[in-house]
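Coordinate analysis (summary)
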Amino acid sequence: MMIRCKGIHKRFGSLEVLRGIDLEIASGEVVSIVGPSGAGKTTLLQILGTLSRPDEGTVEVAGKRIEGLRGAELVRLRNERIGFVFQFHHLLPEFTAVENAMIPALIGRRSRGEAQKRAVELLELLGVGHRAGHKPAELSGGEQQRVAVARALMNDPAVVFADEPSGNLDSVNREELHRLFFDLRDRFGYTFVIVTHDNDLAAMSDRRIVMRDGRIVDQG
């Protein structure tokens, strides 16, 4: 099992955002998390992705219990085993596409030559190899998001968490990005956990997890 969480609660002051989440996600699944705004989807994604800690409950990702990790151990897990794709791609504007994709490898202390070779291979795989030397401002929205996907895959993660990854794309680029996730799963076995309001993407997923008022009401 790639992800296990049990009894997850999260509060912000007096507001209880997550109210007892139990969830398991198998290796190689593409899972969408859907529900109305304020349901707790992004908060759950951040906890599963180790970006936030629950107030109660246990989380296991890629065989590691998160609550027992601190400091460098948590950073290492996040860098080596987890990839992130966000609605706003967060590419660094002063760096080229290939340099942006390289960043996780450089953080993980891989050599620059090794990182660049891997980044070029990923950009080629994702159909933007010809744009490797261009900065984000010179790329279309769809190209920028593919560079962000390359960055997420740089260290060959066990699981990729995506928060509204196609939210800023037009219909053509949105459909292409959705197909890309499934192609990557089929070719390399990546697990994808995707928060989305896109009904087409949710319908394509292996499972559609529905949240409402801080609880999972349907696990698909």
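Reading the values: rules and limits
- Residues numbered from 1 in each chain as written.
- Predicted model: local features only at pLDDT ≥ 70, side-chain atom pairs only at ≥ 80, totals over all residues.
- Heavy atoms only, no water.
- Axes fitted to C-alpha atoms, helices over the stretch in contact; angles between N-to-C directions.
- Helix = DSSP H or I, 4+ residues; strand = E, 2+ residues; numbered from the N terminus.
- Parallel < 35°, antiparallel > 145°, perpendicular 65-115°, else oblique.
- Left-handed = near helix turned anticlockwise from the far one by under 90°.
- Contact = heavy atoms within 4.5 Å.
- Nonpolar A, V, L, I, M, F, W, Y, C, P; charged D, E, K, R; others polar.
- Pairing = 2+ DSSP bridges.

Points about the packing of helix α3 (residues 97–107) against helix α4 (residues 112–125)
How two helices pack is summed up by the angle between their axes together with the distance between the axes. As a packed pair, α3 and α4 sit with axes 8 Å apart at the nearest point and diverge in direction by 125°. Here α4 runs oblique to α3, going by the angle between their axes. The way α3 lies across α4 gives a crossing that is right-handed. Side by side, α3 and α4 meet where Ala97, Val98, Glu99, Ala101, Met102, Ala105 and Leu106 of the first sit next to Arg112, Ala115, Gln116, Ala119, Val120 and Leu123 of the second. Its residues assigned to classes, the contact of α3 with α4 comprises 10 nonpolar, one polar and two charged.

Topic: the sheet that holds strand β4 (residues 56–61)
Spatially, the four strands line up as an open sheet ordered β2-β1-β4-β5, and their pairing is antiparallel. Of all the strands in the sheet, the pair left with one neighbour each is β2 (15–25) and β5 (64–65). In this structure, strand β1 (residues 3–12) lies alongside β4, joined through five bridges in antiparallel fashion. Looking at β4, one finds that arginine 4 is bridged to glutamate 60. Of the strands in this sheet, β1, β2 and β4 touch helix α1 (residues 41–48), which is tilted by about 55° from β2.

Quick look at the sheet that holds strand β3 (residues 30–34)
Strand order in the open sheet formed by six strands is β6-β7-β8-β3-β9-β10, and the pairing between neighbours is mixed. Pairing within the sheet leaves two strands with one partner each, and these edge strands are β6 (82–86) and β10 (215–218). With direction set aside, neighbouring strand axes in the sheet form an average angle of 25°. Sheet topology places β3 next to strand β8 (residues 191–195); four bridges connect them, and they run parallel. Following the sheet pairing, valine 31 is matched in β8 by valine 193. α1 rests against β3, β7 (159–163), β8 and β9 (207–212) of the sheet, and its axis sits at about 155° to β7. Against the sheet, helix α2 (residues 71–81) contacts β6 and β7, and its axis sits at roughly 70° relative to β6.

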